[in-house]
Amino acid sequence: MISSLLNVKGLTKIFGKGCSRCHESTGPAFETNVCSHCGSVVACSDISFELYPGEILGIVGESGSGKSTIVKLLHFDWDATSGEMHLTEQSSPSDAGDGGDKGIQCGFSNKWFSGFGAGLFELNGSNLLALSPYHKRQMRNFLMGVVYQNPYLGLKMDVSAGGNIAERLIMANWRNVESMRSRASELLLKTEIPVERMDEPPRNFSGGMQQRVQIAKALSNKPRILFLDEVTTGLDVSVQARVLDLIANLQRELHLSVIVVSHDLGVIRLLTQRTLVMKYGRIVEVGLTDQILEDPQHPYTQILVSSQL
Amino acid sequence: MMIKDSTEKIKEDTQPASQPRKFGGYNFAFLDEAAKREIRRALLKAVAIPGYQVPFASRELPIARGWGTGGLQITLSIIGPEDVLKVIDQGCDGSVNAVNIKKFVSSVTNVSTTTDTTEATIIQTRHRIPEEEMTENQILVLQVPLPEALRTVEPSEIETRRMHAEADYSRMWLYLYEDIVKYSEISIGPRYPVMVHDRYIMDPSPIPRWDVPKLHMAESLFLFGAGREKRIYAIPPFTKVEPLEFEDVHFRMEDFSGKVCRRCGSSNSYLDEIIDDDTGVRMYVCSDTGFCDKRCR
């Protein structure tokens with residue numbers, strides 16, 4: 001039996017002071033995520049799921065259903081109101097091969113952290129959402145990568161494309177300019193950005209190129225978990241197809257575990273193996289993507305699938 | 001340093017008005033004893049945590065903020081009657097700012113002053129570290145305009161404090177990386193950021209690169225005061241101080257090879273360039289006038 005890589009339990013985010021009745025007075029049954037008692041917005045409530053090694057998990061739902069909130073909570077951009085996130089230590093073939101790679105490794109054992117001054121703390125069994133800001137930053141730097149819908153959130157537009165990638169490498173204690181530039185070229189090549197444009201700031205790039213630079217940046221530290229938050233929204237269809245192909249290829253090549261957030265069922269169908277359907281901050285249906293799209297059980301999922309153009 | 005017992009000072013300050021008063025009617029070293037005590041506490045904390053910026057309640061002084069009030073407050077807090085003071089401004093003992101600060105401290109303390117680095121016990125300076133190596137009996141007080149080395153990359157004070165607390169210096173390194181990409185080398189001149197005791201990135205004040213290596217494992221104590229920004233920090237003796245550099249792009253000092261001081265002939269000191277208005281001829285003289293004068297003698 002394969003054990004999960006990431007185990008999320010009871011993840012909740014409430015904007016506002018919150019009250020004891022927030023959970024019971026919001027959700028799909030009430031068709032709102034605003035608490036009628038205290039007025040707080042329940043962005044997501046009691047979300048539990050597992051992510052398996054090498055799996056691509058989709059989160060789909062309408063605007064305001066709490067999809068992006070989950071990514072922001074798991075990537076430590078926001079603090080969760082309650083909930084737990086646990087990692088299970090895995091042995092991966094890539095662990096052994098990357099040991100000497102400037103301290104960057106693909107595993108996440110305590111040994112993996114020891115080189116970064118993260119201090120001794122047990123990853124196995126600890127609730128990652130309760131870590132100190134310092135440890136959360138370390139986790140974000142070495143374990144996770146994220147690609148936002150808006151490249152302005154993920155990239156520094158006044159810093160060169162190579163510099164954006166180098167920043168992640170610097171965080172992993174790289175201090176050799178030539179090595180950093182060579183790694184950045186390698187990643188830009190992989191994401192189909194002309195290497196001769198490495199020293200240009202991403203603001204000079206098209207939307208699709210900016211997304212690809214974000215992907216290159218997210219992959220620079222060889223993360224185990226990649227979050228993709230509406231990565232193809234706003235891109236034209238041909239660019240969308242190239243970005244999706246790129247993601248699928250990189251996922252296979254690097255054996256990444258990916259969480260894809262999208263409201264586009266086409267993206268979900270193309271990329272993911274399993275899907276969570278969300279509405280009003282709750283998961284209403286979970287299943288294999290094919291099953292969800294071909295035989296939806298929940299009324300909301302049925303509407304979602306039938307409303308595809 | 002001889003620091004008199006503070007209770008003695010308070011007694012001195014509260015003597016009857018009928019008696020003649022020393023120091024132009026002011027307390028010894030101008031500042032009241034409580035102020036000096038607070039600054040000394042900040043100094044002790046700064047020495048205990050090398051490179052860490054300690055906030056302090058910067059006092060009003062009879063010179064404008066930004067003209068060396070931070071350095072002056074440190075000098076006034078640590079000076080004792082037996083001390084010998086030297087004040088330099090960009091290496092020069094005779095500049096208006098240096099002379100006025102020296103006169104002021106002298107008038108409120110009656111301490112003797114000097115232009116010889118080796119004779120001084122306290123040296124207050126702006127933008128230079130003297131050429132002659134300082135000893136364990138000496139303190140160098142540096143005036144600092146902008147104490148936050150990370151200000152170049154982050155405008156928010158809250159964020160820079162977080163970055164220091166978590167030793168999150170990636171943005172500073174990225175700034176250096178970008179500099180190399182643009183100019184093929186690190187273009188920072190003065191205020192070259194240094195890593196103190198492998199922990200804090202520190203602004204060494206606007207000293208030239210030439211002076212940065214003098215901070216490393218020095219015998220003397222370095223105290224940094226920023227009056228306008230209300231921060232004090234320190235480098236205790238024998239502390240590791242390293243300029244930020246990459247493995248393949250190293251820190252470089254100003255290059256004066258082939259140039260010598262026109263006055264003393266020194267080829268191993270930081271030189272100022274002077275251009276003769278009439279002839280257009282470029283010449284070089286030592287920036288440290290005390291050092292140059294000594295060599296000329």
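Check the entry above for the structure.
What you see is a predicted model, and the numbers here were worked out from it, not measured in a lab. (Residues numbered from 1 in each chain as written. Chains lettered and ligands numbered in written order. Predicted model: local features only at pLDDT ≥ 70, side-chain atom pairs only at ≥ 80, totals over all residues.)

Draft legend 1. Broad picture of the nonpolar core. Formed by 138 residues in total, the largest nonpolar core has its most connected members in Leu228, Ile259 and Val260 of chain A together with Leu43, Phe222, Leu223 and Ala234 of chain B. Every residue in contact with valine 260 of chain A, bar those within four places of it in the chain, is listed here: Ile56, Gly58, Leu228, Val267, Ile268, Leu271 and Thr272 of chain A. Ranked by size, the runner-up nonpolar core spans six residues in total, among them Cys261, Tyr270, Cys286 and Phe291 of chain B. (Core = buried A, V, L, I, M, F, W, Y, C linked by C-beta atoms within 7 Å. Buried ≥ 20, exposed ≤ 12 C-beta atoms within 10 Å, placed from the backbone. Contact = placed C-beta atoms within 7 Å.)

Draft legend 2. A look at helix H6 (residues 161-171) of chain A. Taken across its eleven residues, H6 of chain A has eleven buried, putting it largely inside the fold. Looking at H6 of chain A, one finds that the buried residues are Ala161, Gly162, Gly163, Asn164, Ile165, Ala166, Glu167, Arg168, Leu169, Ile170 and Met171 of chain A. Those residues of H6 of chain A hidden inside the fold are in contact with helix H4 (133-142), helix H7 (177-190) and helix H8 (207-219) of chain A together with helix H6 (170-183) of chain B. Among the residues trailing H6 of chain A, asparagine 173 of chain A stands out with phi positive, at a value near 70°. (Helix = DSSP H or I, 4+ residues; strand = E, 2+ residues; numbered from the N terminus.)

Draft legend 3. Representation of the environment of lysine 22 of chain B. Residue and element names in this part refer to chain B. Of note, lysine 22 is situated in the loop between helix H1 (6-13) and helix H2 (33-48). Judged by local crowding, lysine 22 falls into the partly exposed class, with 14 C-beta atoms found within 10 Å. For the pair lysine 22 and asparagine 110, spaced 88 residues apart in sequence, the C-alpha to C-alpha distance is 9.1 Å.

Draft legend 4. Here's a closer look at H4 of chain A. When H4 of chain A is considered as a whole, its buried residues turn out to be Gln138, Met139, Asn141 and Phe142 of chain A. The buried residues of H4 of chain A all sit within an arc of 165° when viewed along its axis, so they share a single face. (Arc of directions from axis to C-beta.)

Draft legend 5. Structural view of the sheet that holds strand E2 (residues 84-89) of chain B. Residues and elements named next belong to chain B. On the basis of which strands lie adjacent, the open sheet formed by seven strands has the order E1-E9-E8-E5-E4-E2-E3 and mixed pairing. Edge positions in the sheet fall to strand E1 (54-55) and strand E3 (112-113), since each has one partner strand and no second. Here E1 runs beside strand E9 (residues 231-235); their pairing, made up of two bridges, is antiparallel. Residue pairing for E9: valine 54 is matched across the bridge by isoleucine 232. This element, H2, spans E1, strand E8 (221-226) and E9 of the sheet and lies at about 45° to E9. Packed on one face of the sheet, helix H3 (residues 69-78) meets strand E4 (122-126), strand E5 (139-143), E8 and E9 and runs near 150° to E5. (Pairing = 2+ DSSP bridges. Axes fitted to C-alpha atoms, helices over the stretch in contact; angles between N-to-C directions.)

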